[in-house]
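Architecture and fold: a report
Listed here are the chains, written in short residue letters.
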Amino acid sequence: FPVTILKQFEAQAAHQIALSLASTTYMISIGLAVAGGIKVAEALGRKDATDLRNINKKVIKMSVLWGGICALFFIGFQNTLPQWFTNDGAVIKTAAMLLVWAAIFQIGDSVQANAAGLMRGRQEMKFPTYFVIFAYWVITIPLCYYLGFTQDLGIQGIWIGLSLGLTIAAVGLTWRTLNFLS
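Here's a quick rundown of the structure. None of these values were measured; they are calculated from a predicted model.

In a pair of packed helices, the angle between the axes and the distance between the axes together describe the arrangement. Close contact between helix α2 (residues 49-76) and helix α5 (residues 154-178) brings their axes to 10 Å; oriented N to C, the two are set at 155 degrees. Of the possible angle classes, the one that applies to α2 and α5 is roughly antiparallel. Taken together, the residues of α5 that come into contact with α2 (itself represented by N56, K57 and I60) are T174, T177 and L178. The residue makeup of the contact of α2 with α5, split by class, is two nonpolar, three polar and one charged.

Structure, rendered in structure tokens:
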């Protein structure tokens, strides 16, 4: 294969490794989001505003904690984790670099998933839908294209854009979640 094609294969393999690991940690976030949504629905059904506020705050705090633990894990084992998938040195090196970006977006990813889950528990669907469309389609995708292709940052630019988009989604959804009863 020509060198450029091999580089593309390496980048794609590294991306898949980092994305597989990030998707695995995301499963815990989704479980927490579902549990939080159920607890919010119960508190809403009881018309218990104090419990509703407490659940929202606790779930957001737990999601920040979980995201932080995952971030530390990815950074601490960034050179070891890719070896679970391949023994190709170039892929391992690129995946290790991408795991730093995956670590950065762990908190944002966990928080945005849980804030959306809490809103589902109170049957609020329009705001999270419109906001994530804005955050991902209007900001993230163009930003990933700009950084990855226009600024020639390649796969790293795409992950930088993804990290920023997830952070924007997390901030907006958390703001709405924590200010629901204010």
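Among the surface-exposed residues, R53, K57, K58 and K61 lie close enough to one another that they form a single positively charged patch. Overall, the relative accessible area of 61% leaves K61 in the exposed class.

All right, on to the environment of M119 then. Summarising the element assignment, M119 is placed in helix α3 (residues 89-121). For the pair M119 and T177, spaced 58 residues apart in the sequence, the C-alpha separation amounts to 6.6 Å.

Our focus in this paragraph is α3. Over its 33 residues, α3 extends 45 Å from the first C-alpha to the last, a length consistent with the 48 Å expected when each residue adds 1.5 Å. Of all the bends found along α3, the most pronounced is centred on F105 and spans about 40 degrees. Counting buried residues along α3, 24 of its 33 residues qualify, which places the element largely inside the surrounding structure. Capping the start of α3, D88 holds a side-chain oxygen 2.9 Å from the backbone nitrogen of A90, two or three residues further along. Once α3 ends, the next one or two residues include Q123, with phi positive near 60 degrees.

Rules behind the numbers
- Residues numbered from 1 in each chain as written.
- Predicted model: local features only at pLDDT ≥ 70, side-chain atom pairs only at ≥ 80, totals over all residues.
- Heavy atoms only, no water.
- Axes fitted to C-alpha atoms, helices over the stretch in contact; angles between N-to-C directions.
- Helix = DSSP H or I, 4+ residues; strand = E, 2+ residues; numbered from the N terminus.
- Parallel < 35°, antiparallel > 145°, perpendicular 65-115°, else oblique.
- Contact = heavy atoms within 4.5 Å.
- Nonpolar A, V, L, I, M, F, W, Y, C, P; charged D, E, K, R; others polar.
- Patch = residues over 30% accessible without salt bridge, like charges linked within 9 Å, V, L, I, M, F, W, Y side chains within 5 Å.
- Areas by Shrake-Rupley, 256 points an atom, 1.4 Å probe, with all protein chains shown as cover.
- Salt bridge = Lys/Arg side-chain N within 4 Å of Asp/Glu carboxyl O.
- Lys, Arg positive; Asp, Glu negative; His and termini not counted.
- Charge placed at Lys NZ, Arg CZ, Asp CG, Glu CD.
- Buried < 20%, exposed > 50% of the residue type's maximum accessible area, 1.4 Å probe, protein only.
- Expected span 1.5 Å × (residues − 1).
- Bend = angle between axes of the 7 residues up to and from the residue.
- Polar contact = N/O pair within 3.5 Å; in protein donor to acceptor, adjacent residues only side chain to side chain.

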